[in-house]
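Here's the letter readout for the chains.
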Amino acid sequence: MPLEIVTVPCRSDNYAYLVKGDDGVCIIDAPEAAPLIAAAKARGWTPGALMITHHHGDHTEGTAELRAAFPGLKVMGPKTEEAKMPPLDMALTEGMNGGNGDAYTVPLDVPGHTLGHIAFHFPNAGVIFTADSLMAWGCGRVFEGTMEMMHATMQKLAALPPETLIYSGHEYTLGNMKFALSIEPDNPDLLARAEKVKAQRDRGEPTVPVTLAEELATNPFLRCHVPAVARAVGLPDATPEQVFAEVRKRKDSF
Ligand SMILES: [Zn+2]
C-alpha cells in the first residue's frame, strides 16, 4: 500500500507529518500537539509512533501532549541527542530499520544543523523526511556542526535516487528562493521554480514535497561543484567544500 502522507503546518512556519502505511501511522516531529491531534482525529487515525529528527524545541515540544492523546505512542529519536530530548522509548542510530512495505524506514545521520540530526528515509516509498538538514531550496543553518560536516550531509542526500520526494521541516522556501536567485539569477531552472513556488504560496499551499532532482537543479547548497556558483561567490578555483562554506555564510547574513 502506498504511503499516505499528511503535511501538518504547526507554529508559525514548521511542518510536521502524519505517515500512514501498512503497519500503522507515525508522526514525524512534534512542533506542537494540537494540529497533529486534530489532523489524526479527522481521519480516524491513531498514531503508534512519533519519530523526532533532532532536539530543537520546535521539533519536540508537543511530545508530552501527543503521548497523552495517543496512549501507547512510541517516541523515537536520535540516540546521540537523547540527553537533550523528551524521554525516548527507542533511541535510533543509522543502520537500524523497521516497518514493512512502503513504510520500511531507515534513519540516516545528517549532522550539521545539530550534531545528531537524523532524517527518516522510506526507501521503498521513495520518500525522505529531512527536517532542518536539506530543506526545500535551502539547507538548515549550521548551529552545532562544521561546514565540512553539513557539506558531507548535503552530498549524502544528493546521492539518493533523484525521484526521491523531500519533505523538510519549515516553510522557508520564498526566502530561500530569493537567496538562490542572488547566486544564479540567469539559471532557467531557478526562474521556472520561482514561478511555481510563488503560485503555491499565493494559493496558501506548502512548497513541500519537492523531488531531489529539482533540488539538484536549483538548490545552491547542492550545486557548490558548479562553476557558475563558485564564480558567484568569488571563489572560482575553490573546492566544493570551500564554496559551500561561503554560500552558507552568505545565506546567514542575507
Ligand atoms: Zn532545528
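Residues numbered from 1 in each chain as written. Predicted model: local features only at pLDDT ≥ 70, side-chain atom pairs only at ≥ 80, totals over all residues. Heavy atoms only, no water.

- Per an unreviewed UniProt entry, the protein is named Hydroxyacylglutathione hydrolase, and its organism is Pseudooceanicola nitratireducens.
- Turning to the protein, the UniProt annotation filed under Function (unreviewed entry) states: "Thiolesterase that catalyzes the hydrolysis of S-D-lactoyl-glutathione to form glutathione and D-lactic acid."
- Quoted verbatim from the Sequence similarities (unreviewed entry) field of UniProt, the annotation for the protein is "Belongs to the metallo-beta-lactamase superfamily. Glyoxalase II family." (UniProt positions renumbered as here; feature names shortened; annotations may be inferred.)

### A short note on the pattern of salt bridges
Piece 1. Inspection of the entire model under this criterion finds 15 salt bridges.
Piece 2. A salt bridge links Arg223 to Glu184; the shortest N-O distance between them is 2.7 Å. Here Arg223 is found in the loop between α7 (212-218) and α8 (227-232), whereas its partner Glu184 is found in the loop between α5 (173-183) and α6 (188-202), with 39 residues between them in sequence.
Piece 3. For Arg193, the salt bridge is made with Glu214, and the minimal N-O distance between the two is 3.8 Å. Separated by 21 residues along the polypeptide, Arg193 in helix α6 and Glu214 in helix α7 bring together distant segments of the chain.
Piece 4. Members of the salt-bridge network, linked through shared partners, are Arg193, Lys196, Glu214 and Glu215. (Salt bridge = Lys/Arg side-chain N within 4 Å of Asp/Glu carboxyl O. Helix = DSSP H or I, 4+ residues; strand = E, 2+ residues; numbered from the N terminus.)

### Things to note about the packing of α5 against α6
Piece 1. Contact geometry of α5 with α6 gives a least axis separation of 10 Å together with a crossing angle of 160°. With respect to α6, the element α5 is oriented roughly antiparallel. As for how α5 packs across α6, the hand of that crossing is left-handed. Contact with α5, carried on its side by Thr173, Leu174, Met177, Ala180 and Leu181, involves Leu190, Leu191, Ala194, Val197, Lys198 and Arg201 of α6 and no other residues of that element. (Axes fitted to C-alpha atoms, helices over the stretch in contact; angles between N-to-C directions. Parallel < 35°, antiparallel > 145°, perpendicular 65-115°, else oblique. Left-handed = near helix turned anticlockwise from the far one by under 90°. Contact = heavy atoms within 4.5 Å.)

### Quick notes on the sheet that holds strand β13 (residues 210-211)
Piece 1. Taken together, five strands build an open sheet; the order of strands is β7-β8-β9-β12-β13 and the sheet is mixed. In this open sheet, the two edge strands, each paired with only one partner strand, are β7 (106-109) and β13.
Piece 2. Relative to strand β12 (residues 165-168), strand β9 (residues 127-131) runs parallel, the two being bridged by four bridges. Counted as the bridge partner of Phe129 is Tyr167 from β12. (Pairing = 2+ DSSP bridges.)

### Side note on the sheet that holds strand β6 (residues 90-92)
One key point about sheets: their strands pair by backbone hydrogen bonds, in either a parallel or an antiparallel sense.
Piece 1. Taken in spatial order, the six strands line up as β1-β2-β3-β4-β5-β6 in an open sheet, and their pairing is mixed. Two strands close off the open sheet at either side, each with one partner strand: β1 (4-10) and β6. Strand-to-strand twist of the sheet, defined as the mean angle between neighbouring strand axes without regard to direction, takes the value 20°.
Piece 2. Where strand β4 (residues 49-51) and strand β5 (residues 74-78) come together, three bridges link them in parallel fashion. In the sheet register, Met51 faces β5, and the bridge partner there is Met76.
Piece 3. In the packing of helix α1 (residues 34-42) onto the sheet, contacts are made with β1, β2 (14-21) and β3 (24-28), and the angle to β1 comes to roughly 145°.

### Focus on the packing of aromatic side chains
Aromatic ring pairs are described here by two measures, namely the spacing of the ring centres and the angle between the planes.
Piece 1. Summed over the entire model, instances satisfying the criterion amount to eight aromatic pairs.
Piece 2. Here Tyr15 and Tyr17 contribute two aromatic rings whose centre-to-centre distance is 6.5 Å and whose plane-to-plane angle is 45°, an arrangement assigned as tilted.
Piece 3. Accessibility expressed as a relative area gives 5% for Tyr15, which makes it buried.
Piece 4. By relative accessible area, which is 2% here, Tyr17 ends up buried.
Piece 5. Judged by centre distance (5.9 Å) and plane angle (65°), the ring pair of Phe221 and Phe244 falls under edge-to-face. Taken together, the positions of Phe221 in the loop between α7 and α8 and Phe244 in helix α9 (residues 240-252) put the pair 23 residues apart, joining distant regions of the chain.
Piece 6. Owing to a relative accessible area of 0%, Phe244 belongs among the buried residues under this scheme. (Phe/Tyr/Trp six-rings, centres within 6.5 Å; stacked < 30°, edge-to-face > 60°. Buried < 20%, exposed > 50% of the residue type's maximum accessible area, 1.4 Å probe, protein only.)

### Here's the deal with the UniProt feature "binding site: Zn(2+) 1" (unreviewed entry) in the protein
Piece 1. Here the UniProt-annotated "binding site: Zn(2+) 1" (unreviewed entry) positions come out as His54, His56, His113 and Asp132. Of the residues just listed, which span 79 residues, no C-alpha pair is farther apart than 9.9 Å, and they cluster in one region.
Piece 2. Among the secondary structure elements, His54 is positioned in the loop between β4 and α2 (57-60).
Piece 3. Its relative accessible area of 0% is what places His54 among the buried residues.
Piece 4. In this structure His54 touches His59, Thr60, Pro78, Glu81, Met85, His113, Thr114, His117, Ala131 and Asp132, once residues within four positions along its chain are discounted.
Piece 5. A polar contact of 3.3 Å, which involves the side chain of His54, links it to the side chain of His56.
Piece 6. Relative to the helices and strands, His56 resides in the loop between β4 and α2.
Piece 7. Apart from the residues within four sequence positions on either side, His56 is in contact with His113, Thr114, Phe143 and Glu144. (Polar contact = N/O pair within 3.5 Å; in protein donor to acceptor, adjacent residues only side chain to side chain.)

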